[in-house]
Amino acid sequence: EQGAVIVNGDTVHPSAVEERLLAARGPDLLLAMDAAKPLGAEEMKVLVAGDGSLERIGKALDPRAADGEYIGVALIEAAAAEPLAHALERTWRRDPSLYYEDGFQEFIDAGGRVGAVPIGTVAWVEVDDAADLERARKVAERL
């Protein structure tokens, strides 16, 4: 009834990220975006329209054209739960190897309202390897 926040299990970040999402409620789905980090091939990149709505999300986007990285934290409004679940299911049925963010793109393509909120300058890390784990420990110590 009130919606939900999803957080990737491999992401360490301060609670300020969720606070920014909650303060910007409005779209069906709202993604936390790092607009400052340099982007490469592996980041889940986003393209944002002038009105703040999300146009595209995906790893294959050109890093030079992207507006930032989706950091794996999102707010789903209650009304969007069912249509988002259908978009995720369609994506999985099309190709089970796709990312759940491809389901977000399916949701956008079906008319879902998705926004992106810049998180500002905060320390966060996605843990993919031992070096990331060490950085995550340092970030966690400051939380």
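Look up: the structure comes first, before these words.
Residues numbered from 1 in each chain as written. Predicted model: local features only at pLDDT ≥ 70, side-chain atom pairs only at ≥ 80, totals over all residues. Heavy atoms only, no water.

A look at the pattern of salt bridges
Item 1. Following the criterion strictly, the structure yields 11 salt bridges and no others.
Item 2. For E69, the salt bridge is made with K37, and the minimal N-O distance between the two is 2.9 Å. Taken together, the positions of E69 in strand β6 (residues 68-76) and K37 in the loop between β3 (29-34) and β4 (45-48) put the pair 32 residues apart, joining distant regions of the chain.
Item 3. Given the relative accessible area of 30%, K37 is considered partly exposed.
Item 4. Of the charged contacts, one joins R135 and D132 as a salt bridge, the two residues approaching to 3.0 Å between their closest N and O atoms. In this pair, R135 and D132 are both assigned in helix α4 (residues 130-142), three residues apart and thus about one turn of the helix distant.
Item 5. For D132, a relative accessible area of 12% gives the class buried.
Item 6. Taken together, the salt bridges that share partners define one network made up of K37, E43 and E69. (Salt bridge = Lys/Arg side-chain N within 4 Å of Asp/Glu carboxyl O. Helix = DSSP H or I, 4+ residues; strand = E, 2+ residues; numbered from the N terminus. Buried < 20%, exposed > 50% of the residue type's maximum accessible area, 1.4 Å probe, protein only.)

What to know about the side chain of E18
Item 1. Within the element layout of this structure, E18 appears in helix α1 (residues 16-23).
Item 2. The buried charged residue E18 lacks any salt bridge partner; its closest oppositely charged side chain belongs to R20, at an N-O distance of 9.4 Å.
Item 3. Sequence-distant contacts of E18, defined by excluding residues within four places in its chain, comprise V5, V7, H13 and V73. (Lys, Arg positive; Asp, Glu negative; His and termini not counted. Contact = heavy atoms within 4.5 Å.)

A look at the pairing of β3
Item 1. Extensive coverage of β3 is indicated by the burial of six of its six residues.
Item 2. Residues of β3 alternate between two faces, with L29, L31 and M33 on one and L30, A32 and D34 on the opposite face, all of them buried.
Item 3. As paired strands, β3 and β6 are joined by five bridges and run antiparallel to one another. In the sheet register, L30 faces β6, and the bridge partner there is L75. (Pairing = 2+ DSSP bridges.)

Focus on the packing of aromatic side chains
Item 1. Evaluated as defined, the whole model comprises three aromatic pairs.
Item 2. Ring geometry for Y70 and Y100: centres 6.4 Å apart, planes at 80°, overall edge-to-face. One end of the pair, Y70, is in strand β6; the other, Y100, is in helix α3 (residues 100-109), with 30 residues separating them in the sequence.
Item 3. For the pair Y100 and F104, a centre-to-centre distance of 5.2 Å together with 85° between the ring planes defines the contact as edge-to-face. (Phe/Tyr/Trp six-rings, centres within 6.5 Å; stacked < 30°, edge-to-face > 60°.)

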